[in-house]
Amino acid sequence: MGICGVSWTVLLTLLPQAGAEVGQDPVVGTKINFEREIEPILAARCIKCHGPDKQKEGLRLDRAASAFRGGDSGEPGIVPGDSARSELFRRITANEHDRMPFKGEPLTAGQVALIERWIDEGAIWSENGPVDADQPTHWSFQPIGDPSPPLTGRSWGSSPIDAFVLRRLEEEGLRPSPAADRVTLIRRLFLDLHGLLPTPARVEAFIRDRREDAWERLVNEVLASPRYGERWAQHWLDVVQYADSHGFEMNNPRPNAYQYRDWLIEAFNDDVPYHRFIFEQLAGDTVGVDAATGFLVAGAWDQVESKLPADVALQRQDELTAMVNTTGTAFLGLTLGCARCHAHKFDPVPQRDFYAMTAVFAGVRHGERPLYSKEDALVLSQRAETEVEIESLRSELPRLRPAITSRYNEERFEPVHASAVRMRIFATNGAEPCIDELEIWSGEINVALTAVPSSSGDYPNNPKHKLEHINDGQFGNPRSWISNESGSGRIRLDLSEPVMVDRVVWGRDRHAQFADRTPTNYIIEVRVAPDRWTMVAGSQDRLLAPPPPGSIGGEDRLSSGTSEITRRIFEAEERVRALKTASPDMVYAGKLEQPGPIHRLYRGDVTSKREAVAPDTISVLGTLGLAMDAPEKERRAALARGLTDPSNPLTARVMANRIWYHHFGTGIVSTPGDFGANGGRPSHPELLDWLARQLMRGDWSIKHLHREILNSSTYRQASGPSATGLARDAGARLLWRFPPRRLEAEVIRDCILQLSGSLDLSMGGPGFSTFKPNDNYVRVYTPKETTGPTEWRRMVYMHKVRMERAPLFGAFDLPDAGQVCPKRSLSTTAIQALNLFNGIFVLQQAQRMAERLTELGGDPVEHAYRSAYGRKPSTREASAAETFIKEQGLAAFCRAILNSNELVFLP
Amino acid sequence: MGSGLGVMAMANLLKAEGLLADDALQIDPGAPHAARLPHFAPRARNVVVIFCSGALSHVDSFDYKPELIKHHDTPLPGGDGLLTFQGANGNLKQPLYKFRPRGECGKMTSDLLPHIGELSDDLCYIHSLHTKTATHGPGENCMSTGFTLEGFPSMGAWATYALGSECDELPAFVAIPDPRGVPQSSINNWGPGFLPAAFQGTPFNAANPVRNLARPAGVSAETDRATRAYLRSLNEEHMARYEGDFELAARISSYEMAARMQLSVPEVTDLSSESEHTRRMYGTDDPNTNKAGFARNCLLARRLIERGVRFVQLFNGAYAMGEGVGNWDGHKQLKTDYDVHGPILDQPAAALIRDLKQRGLLEETLVVLCTEFGRMPTFQENTNGRDHNPKGFTAILAGAGVKAPFTYGSTDEFGWRAQENPVSVHDFHATILHLLGLDHTRLTYYHNGLQRRLTDVFGEVVKGILS
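Thresholds, definitions, all that
- Residues numbered from 1 in each chain as written.
- Chains lettered and ligands numbered in written order.
- Predicted model: local features only at pLDDT ≥ 70, side-chain atom pairs only at ≥ 80, totals over all residues.
- Helix = DSSP H or I, 4+ residues; strand = E, 2+ residues; numbered from the N terminus.
- Rg over C-alpha atoms; globule rule 2.2 N^0.38 Å.
- Buried ≥ 20, exposed ≤ 12 C-beta atoms within 10 Å, placed from the backbone.
- Contact = placed C-beta atoms within 7 Å.
- Pairing = 2+ DSSP bridges.
- pLDDT = per-residue confidence, 0-100.
- Core = buried A, V, L, I, M, F, W, Y, C linked by C-beta atoms within 7 Å.
- Domains from an automatic or database assignment.
- Nonpolar A, V, L, I, M, F, W, Y, C, P; charged D, E, K, R; others polar.
- Axes fitted to C-alpha atoms, helices over the stretch in contact; angles between N-to-C directions.
- Parallel < 35°, antiparallel > 145°, perpendicular 65-115°, else oblique.
- Left-handed = near helix turned anticlockwise from the far one by under 90°.

What to know about the overall build of chain A
In step 1: Per the secondary structure count, chain A includes 27 helices and 17 strands.
In step 2: For a compact globule of 907 residues, the expected C-alpha radius of gyration is about 29 Å, and chain A comes in at 41 Å, more than 25% above that figure.
In step 3: C-alpha atoms of chain A, sized along the principal axes, occupy 125 × 100 × 55 Å.
In step 4: Counting all 907 residues of chain A, 48% fall into the buried class.

A look at the interface of chain B and chain A
In step 1: Each partner contributes residues to the interface: chain B has 72 residues there, and chain A has 78 residues.
In step 2: Those elements giving two or more residues to the side of chain B that touches chain A turn out to be helix 1 (3–16), helix 4 (136–145), helix 6 (221–239) and helix 7 (246–269) of chain B.
In step 3: Looking at which element gives the most residues to the side of chain B that touches chain A, the answer is helix 6 of chain B, with 10 residues.

Quick notes on the sheet that holds strand 2 (residues 83–84) of chain B
Residue and element names in this part refer to chain B.
In step 1: The 3 strands lie next to each other as 2-3-12, forming an open sheet whose pairing is antiparallel. Both edges of this open sheet fall to strand 2 and strand 12 (378–380), since each of them pairs with a single strand only.
In step 2: Pairing analysis gives 2 bridges linking strand 2 to strand 3 (residues 87–92), with the strands arranged antiparallel. Directly across from Leu-83, in strand 3, lies its bridge partner Ala-88.

Description of the confidence of the model for chain A
Residue and element names in this part refer to chain A.
In step 1: Taken as a whole, chain A shows an average pLDDT of 87; of its residues, 93% reach a score of 70 or greater.
In step 2: Confidence drops under a pLDDT of 50 for residues 1–28, and excluding neighbours within four residues, the segment shows 38 contacts in the predicted structure.
In step 3: Every residue in residues 547–562 is under pLDDT 50, and counting partners more than four places away or in other chains gives 33 contacts.

Considering the nonpolar core
In step 1: The biggest cluster of nonpolar side chains holds 295 residues, and the ones touching the most others in it are Cys-124 and Val-368 of chain B.
In step 2: Looking at this core element by element, the count peaks at 10 residues for helix 10 (residues 334–358) of chain B.
In step 3: Two domains each provide a minimum of three residues to this core, namely domain 2 (273–370 + 590–648) and domain 4 (840–906) of chain A.
In step 4: Non-local contacts of Cys-124 of chain B, meaning those with residues more than four positions away in its chain, are made with Ile-396, Leu-397, Ala-398, Val-402, Lys-403, Ala-404, Phe-406, Tyr-408 and Ile-465 of chain B.
In step 5: Membership of the second largest hydrophobic core comes to 26 residues, among which are Ile-425, Leu-438, Leu-493 and Tyr-522 of chain A.

Notes on the confidence of the model for chain B
In step 1: Per-residue pLDDT for chain B averages 90, and the proportion of residues at 70 or more is 93%.
In step 2: Of the regions scoring below 50 in pLDDT, residues 1–24 of chain B engages in 48 contacts with residues more than four places distant in sequence or in other chains.

Section: the domain arrangement of chain A
Residues and elements named next belong to chain A.
In step 1: What the domain assignment lists for chain A is domain 1 (1–130), domain 2 (273–370 + 590–648), domain 3 (401–562) and domain 4 (840–906).
In step 2: Contacts between domain 1 and domain 2 engage 6 residues on the former and 8 residues on the latter.
In step 3: Considering only residue class, the side of domain 1 that touches domain 2 consists of no nonpolar, 3 polar and 3 charged.

What about the environment of Leu-170 of chain B?
Residues and elements named next belong to chain B.
In step 1: Inspection of the secondary structure puts Leu-170 in the loop between helix 5 (155–163) and strand 7 (173–176).
In step 2: The class for Leu-170 is buried, based on 25 C-beta atoms found within 10 Å.
In step 3: Each C-alpha atom, one on Leu-170 and one on Leu-263, is 9.6 Å from the other, the two residues being 93 residues apart in sequence.
In step 4: Those residues within four positions of Leu-170 in sequence are excluded, and the remaining contacts are Met-261, Ser-264, Val-265, Val-268, Leu-304, Arg-307 and Val-309.

Thoughts on the packing of helix 17 (residues 651–664) of chain A against helix 19 (residues 702–710) of chain A
Residues and elements named next belong to chain A.
In step 1: The N-to-C vectors of helix 17 and helix 19 enclose an angle of 50°; their axes lie 11 Å apart at closest approach. Put simply, helix 17 runs oblique to helix 19. Both helix 17 and helix 19 take part in a crossing whose hand is right-handed. Side by side, helix 17 and helix 19 meet where Ala-656, Ile-659, Trp-660 and His-663 of the first sit next to Ile-702, Leu-705, His-706 and Ile-709 of the second.
In step 2: Of the residues assigned to the contact of helix 17 with helix 19, the class counts are 6 nonpolar, 2 polar and no charged.

Examining the packing of helix 9 (residues 226–239) of chain A against helix 10 (residues 258–269) of chain A
Any two packed helices are characterised by the angle at which their axes cross and by the distance between the axes.
All names here are of chain A.
In step 1: Relative orientation of the contacting elements helix 9 and helix 10 amounts to 120°, with a least axis distance of 8 Å. In terms of axis orientation, helix 9 runs oblique to helix 10. The crossing of helix 9 and helix 10 is right-handed. Of helix 10, the residues touching helix 9 (which contributes Pro-226, Tyr-228, Gly-229, Glu-230, Trp-232, Ala-233, Trp-236 and Leu-237) are Arg-261, Leu-264, Ile-265, Glu-266, Phe-268 and Asn-269.
In step 2: Taken together, the residues of the contact of helix 9 with helix 10 break down into 9 nonpolar, 2 polar and 3 charged.

Encoded structure:
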């Protein structure tokens, strides 16, 4: 609470004053009446600061929901039936500076006792009290409207967008500008959508295209180009604070982050529907689009681990906060990170919501995971199925008995009345089977000793191996029986009288000298009636023996073939081994694991855990209905579905506004990452809703929304100034003109490379660095002095080093990827001027541009003007240029062109 | 140009309708560094921060603890099983450098930094600082930006955003990295965060001037001048079609400022005009090249302040060479490390303060000597060095508006935890802004949902040290 740090003297402790104030002498046995006994206390002592006029710390005690929920601290205000856990009770009884009321004397002991009893009795609130609607009133939480374009006084424009814009202009006494000329239009469109210049030939063709839908055709062509994805992915990379390094003090490279960047470029180019776009970034791993979840871990990661558990917990909480915050900013336009320590100061986001969102991401850790191809994904799914099969086979294994040994085997069975016992052997681990003793136990008596042996045949002429050795009570190879058939044989003992038997014990050599000749496949049967034998034991339920040390292969394994289950497991394991995938690429898209419970943290302090919180979306959007221990993947998938529910008032509005912002330089809401109470208000609320509806009705197609905007007359206005316009609305927020503005760093660099003929348009892959390589423990990023063709690709492929300014172009307001950047600043500085005028890169490209102009032949001035500005020079400009070139050379002329305002401003 | 008025008019119109987030300041993009008024009469016009990167041990330098000497090699009371950043701790260890009374005030400081100690009559020691983290990167972020995370505007960015600059030939905010390299948090220490890039620190030092400042090799002075003039004519031609557009005008004037810097920066970094006496005082020609390099940076700092640069942040210590090798991070062999680092910092930094005073500049300049956190009064288990200690450390203020000689706050008897009058980093920042005439609660900038401040939602001005 805000009063901490202020100490004041406690005037009174809770004196047992049995005074005569309100609500004294509650009748024992009668429940406390809220209206009569409690409400007057609250009204007299609390409501001034926690009521309709002021809601200090977000608490009002004149409304049940707020009183029960509690204030911004997140501690429950009133827990019915439990005064001890109720913050209200704690604060009126607290010592020193935590005590409420903050000003004046404490409540009397009688009042305290009343409140305590009222809470313990269940805290029954007034039945006729004011209804606590508790619905957010802020505009962005209201359902998205379905407005019709207004009727306006003048006829202007072809699109519903224009009607909305025109009405607003008319209200301010402003008028739209005339349509821009075709050169301006095509340059604007290319720079806006591709971040590159149209070639002179393309400009020429557009100027000559007299078809009625020439512009619409051009828009379609430009949207279909892969250059579009490269440009618009950059806007999204800013929002999610993408970088190719981890940040913080070590700032090591993140070499497999680029796969997310490439996915993003492809997603824009393929016009992946926006709801799908969201789903894949939050839970792409559930649908085989692993690279997309690079979104989750795009932020900074501190690799330096403290030994202190609290520091480690804090670092982890920082990571999770970044995930929650980026999700909020990107998809909802809400600054959810604000609710980490207390309820959001401006928006209806209680602290608990922050931790519910934290629980959604609690299983995501920074790191890489394999990125499989589609074919390999299929193999993997087969492998996963087989592994499930193995698992289920293994689940039967505990029922199997120990593996056969050559030394000692015990066969226990349900006691059975038997007159004879026999063992039939079908396989051994080599040669004729050998048994040194066959014991038949009836309780504590070995009844075999008095039985009569017989067999299928005995090993001939060896004194060590005789039939009578089978039940002579002596162990070891020299006192054993061996069959006369390789791999099989039968031995039988007829008991002296029928008796209950319950186990048979046998071995091949109980002195452990020999391990060969051991039966591996056998059954043991008892004779229960003169002509009826029943099997009581066998090798079928025995485990596979591990191969003996020193043995080669599996032939020594005692029970190969003894157990059907083990054989099936063995086969399945072979199949898994055969299901090979190519060694996968890795992608920095997060390591996923099932997390433990997430707790609300009192004041965001990792050492002050409060109640566990189930994964969920923010409460103002409803609930995902997930269990506390919901599977990790399901949490993210459910959140994604919740975010794109058409009834969500934020998602479509936020994206429509983001698109508008990048086309016009300012959003309809000027704060594209904050649609909360502290963000900007929409300049054209109905237009925003109309655009959001268009986005949803067009199956969430982003390109569809681009088309709606680009085909409007609003977009196609001239950008020249007007005195009235500048005086009333210098920033052209109301769009009396198309607002001209400086191009971003990426566009300036790419255009320079384009004009010099150096631009390499190859797409995707690990990208390039403008820093020298080094392997320090803590990375040092020293810029390369010069660049060559490797670095002459589009800047979206340049390694983004967190917190390190890119050489030369870093000065042009490139975000540092330290925080989300839903909106770039656009500043103009002397350092920018120095970099662009003196930087080796620009000088080198000016030289190359001069060489190119010479190679092309013809008039270099005209060609330079047409490539850079899309137009021919005026006579005066041409003659000034020619004079300058004559005196200072063509390269100097190109250096000036590359620095000129006409090049670096979006017209 | 009348457009400035236009901006204001519309700003008001939009603000009334709630269409404009409530930025505290309206900056003219054509002149982002125009001098602006503070909230109230300032005591300091300029600031020099000497940032000792790597965590300078307060118990071995400025914070004299007789009990630590008395209890040498005994366990730290209450430190049973104490884990700090790198793990377990051994016994208390007395300072590795002898403390003596210095200055007329007799302030006890150690032989590690005797030159600075001798200036104690002009210094205000704050012994009760504490911070939020025991990790260098976040710690430096916190000291320079008020936040442990990256991406927040630095102190110097806030100061120049608020006040602009009195000098239109040099950047308003200059960061001077140590000749050995950059500190842990590198440019985040002088970054603009979400403020416009115009307010970032421009990094250069006496050895490495501003990038891309000089006329490029292979371009003659005549061609360079003529190209600049031709560019101007191109831009004016273009401007004629956009009359009144201040963004375009701002870009034209930025090239003019750049041209002025091409003259002024080489001038300010050229130390040859300094007298032999001055150079000797700083040690700019010392045979120890690291010391000479830092001395030249200190002398450069004075020259920048002299020319009206608003905020200078001077770094002592670089990180990339490894723990303790290039900075104050003495984990394992503190004495060996500090025998190297002490002389590099001591004489040059003391000379800077003395020089500013001799020239009367200290009356308008606040000098801050700080570090990201302190070190433990114990040695780390099985080492001869001290671990990180965010619970108590020392900073020094000198100059405009600050009591001297003065000592404020204290740590406990061993120098472990801030005890008397604890000063948080937010309090420290609030005080620095206060000396510049700025109310830290009113200096705000809207970013993504919040009116952000240097001091987050905390900070109290430390009134006790104000003169």
